[in-house]
Amino acid sequence: MVRIGIISIILFLLLGACTKEPERAVAFITVNTHQGFVVKDAFVNFYINSNKVHHGSIDTTLVTDEYGHVELVLYHECYLDALAIKTEGASTSAGTVSLRVIPGQTTSKTIVLR
């Protein structure tokens, strides 16, 4: 009985140790004004342009931090578009960027609002 328990523990540890965590594919976006100032509290929508890609689905909106940054973490390679929008009073500024994210890498892009 003890032998079965020990063998079970050893098998569990070996199989658990062989499981590889999926690599992170990170999209790191900075949002700036056309004067070069960072934009806090801008909405950044990540999506897959269906005109370019005919599979997969991503539609996620994040808000920039005090440094104008957002970070989207995925676990697969894909091509994304990102749309940033900032509204202040009656004025709205927007900008876009396309990017490719690859597992094991961080892709950094800057969106300039106009």
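See the structure above.
No experiment lies behind these values; they were computed from the predicted model shown.

Trainee: Now, about the overall build of the protein: what can you tell me, with residues and values included?
Mentor: Regarding its fold elements, the protein presents one helix and seven strands. Counting the 114 residues in the protein, one finds 29% classified as buried. Look at the contacts in the protein between residues 6 or more apart in sequence, and 57% of them connect residues 24 or more apart. Within the structure as shown, the protein displays about 7900 Å² of accessible surface, and the carbon and sulfur contribution to it stands at 58%.

Trainee: Lay out unusual backbone geometry with the relevant residues and their values.
Mentor: Located in the positive-phi region is Asp 41, a residue other than glycine, with phi close to 65 degrees. Summarising the element assignment, Asp 41 is placed in the loop between β1 (25-33) and β2 (43-47).

Trainee: Can you lay out the nonpolar core for me, pointing to particular residues and giving the numbers?
Mentor: Generally speaking, nonpolar side chains in soluble globular proteins are found buried as a group. By size, the foremost hydrophobic cluster in this structure holds 22 residues, and its most contacted members are Val 31, Phe 46 and Leu 80. For this core, the elements supplying multiple residues, two or more each, are β1, β2, β4 (69-74), β5 (78-88), β6 (91-101) and β7 (106-113). Residues in contact with Val 31, not counting those within four places in the same chain, are Phe 37, Val 38, Val 39, Ala 42, Val 44, Thr 64, Gly 68, Ala 84, Ile 111 and Leu 113.

Trainee: Now, about the pattern of salt bridges: what can you tell me, with residues and values included?
Mentor: Counting across every chain of the model gives two salt bridges. In this structure, Arg 24 engages Glu 71 in a salt bridge whose closest nitrogen and oxygen atoms are separated by 3.7 Å. Taken together, the residues Arg 24 in the loop between α1 (2-18) and β1 and Glu 71 in strand β4 connect sequence positions 47 residues apart. Note that Arg 100 and Glu 77 form a salt bridge whose closest N and O atoms lie 2.5 Å from each other. Of this pair, Arg 100 sits in strand β6 while Glu 77 sits in the loop between β4 and β5, and the two are 23 residues apart along the sequence. For Glu 77, a relative accessible area of 39% corresponds to the partly exposed category.

Cut-off values and rules
- Residues numbered from 1 in each chain as written.
- Predicted model: local features only at pLDDT ≥ 70, side-chain atom pairs only at ≥ 80, totals over all residues.
- Heavy atoms only, no water.
- Helix = DSSP H or I, 4+ residues; strand = E, 2+ residues; numbered from the N terminus.
- Buried < 20%, exposed > 50% of the residue type's maximum accessible area, 1.4 Å probe, protein only.
- Contact = heavy atoms within 4.5 Å.
- Areas by Shrake-Rupley, 256 points an atom, 1.4 Å probe, with all protein chains shown as cover.
- Core = buried A, V, L, I, M, F, W, Y, C linked by side-chain atoms within 4.5 Å.
- Salt bridge = Lys/Arg side-chain N within 4 Å of Asp/Glu carboxyl O.

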